[in-house]
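# A structural walkthrough
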Amino acid sequence: GTGSTVAGAAVGTAGTASAEFVSVQGASNGTPIPVTATPLTLGGGAALVKGTTAAMTATASTAIIAAVTSQRIYATRVACKGDPANAVGTKVLIQDGSGGTTLDTLSVAASGGGEQATGSTPLFWTTSGNGLFAQNVTTSASVICTASGYSGG
């Protein structure tokens, strides 16, 4: 498994659903017993969310994380990287919904490279019911963006 043992209990990686193993006190041969891990959920109905765009080569607004009905998307990480084979750099607008308010702007270098923003608390959030979108400023750049965070009221 991916966990570590703390006081006889498996501590897994947050947000992954995989088989974990735990050594149970009093087991006859000390063989780990598999238990099922569940995805991390947060209080108040919040859940972890993540997404990735396909390669964006136009200036259309593209979904990174799909909308969650009646919930905001709280982004704690967003990254955009250029294709090393493409010699066109761009800025990328991170948006509140398709074509919506710009929440952040990331730079992507020509011939690869990019920018990432992370935080232990939300960097920004969408309006309730909106997804998180990205949009190249420059035509012909080839960029892939990823983001993660959580949804909540």
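Here the structure is shown first, and the text comes after it.
So, here is what we can say about the structure in this document. All values reported here derive from a predicted model rather than from experimental measurement. (Residues numbered from 1 in each chain as written. Predicted model: local features only at pLDDT ≥ 70, side-chain atom pairs only at ≥ 80, totals over all residues. Heavy atoms only, no water.)

### Some remarks on the pairing of strand 8 (residues 90-96)
The condition is simple: The rule is simple: take the accessible area with a 1.4 Å probe, protein chains only, and divide by the maximum for that residue type; under 20% is buried, over 50% is exposed, in between is partly exposed. We count a stretch as a helix when DSSP gives it H or I for four or more residues in a row; a strand needs E for two or more, and each element gets its number in order from the N terminus. Strand pairing requires that DSSP identify at least two bridges connecting the strands.
Of all 7 residues in strand 8, 5 are buried, a share of seventy percent or more. Looking at chain direction, strand 8 and strand 9 (residues 102-108) are connected through 6 bridges and run antiparallel. When the bridges of strand 9 are listed, I94 appears paired with D104. Two successive antiparallel strands, strand 8 and strand 9, enclose a turn made up of 5 residues, where G97 displays a positive phi of approximately 85 degrees. Here strand 8 runs beside strand 12 (residues 132-136); their pairing, made up of 5 bridges, is antiparallel. Paired with Q95 across the bridge in strand 12 is F133.

### Considerations on the packing of aromatic side chains
Here is the rule we go by: Between the rings of Phe, Tyr and Trp (Trp by its six-membered ring), a pair exists once the centres lie within 6.5 Å; its type follows the angle of the planes, with under 30 degrees stacked, over 60 edge-to-face, and the other angles tilted.
A complete count under the given rule lists 2 aromatic pairs for this structure. Summarising the aromatic geometry, the rings of Y74 and W125 are spaced 6.0 Å apart at their centres and angled 40 degrees between planes, so their arrangement reads as tilted. Of the two residues, Y74 is situated in strand 7 (residues 72-82) and W125 in strand 11 (residues 124-125); the sequence distance between them amounts to 51 residues. For Y74, a relative accessible area of 15% puts it in the buried group. The exposure class of W125 is partly exposed, given its relative accessible area of 44%. Seen from their ring centres, Y74 and Y150 are 5.0 Å apart, and the 15 degrees between their planes marks the pair as stacked. With Y74 in strand 7 and Y150 in strand 13 (residues 143-152), this pair connects stretches of sequence that are 76 residues apart. Y150 sits in the partly exposed class, given a relative accessible area of 24%. Put simply, the rings of Y74, W125 and Y150 touch in pairs and so form one group of aromatic residues.

### Focus on the pairing of strand 7
Of all 11 residues in strand 7, 8 are buried; the element is thus mostly enclosed. The pairing of strand 7 with strand 13 spans 10 bridges and is antiparallel. By the bridge assignment, A75 is partnered in strand 13 with G149. Summarising the sheet, strand 7 and strand 11 pair through 2 bridges and their orientation is antiparallel. In the sheet register, A75 faces strand 11, and the bridge partner there is F124. Both strand 7 and strand 10 (residues 113-118) contribute to a ladder of 6 bridges, which runs antiparallel.

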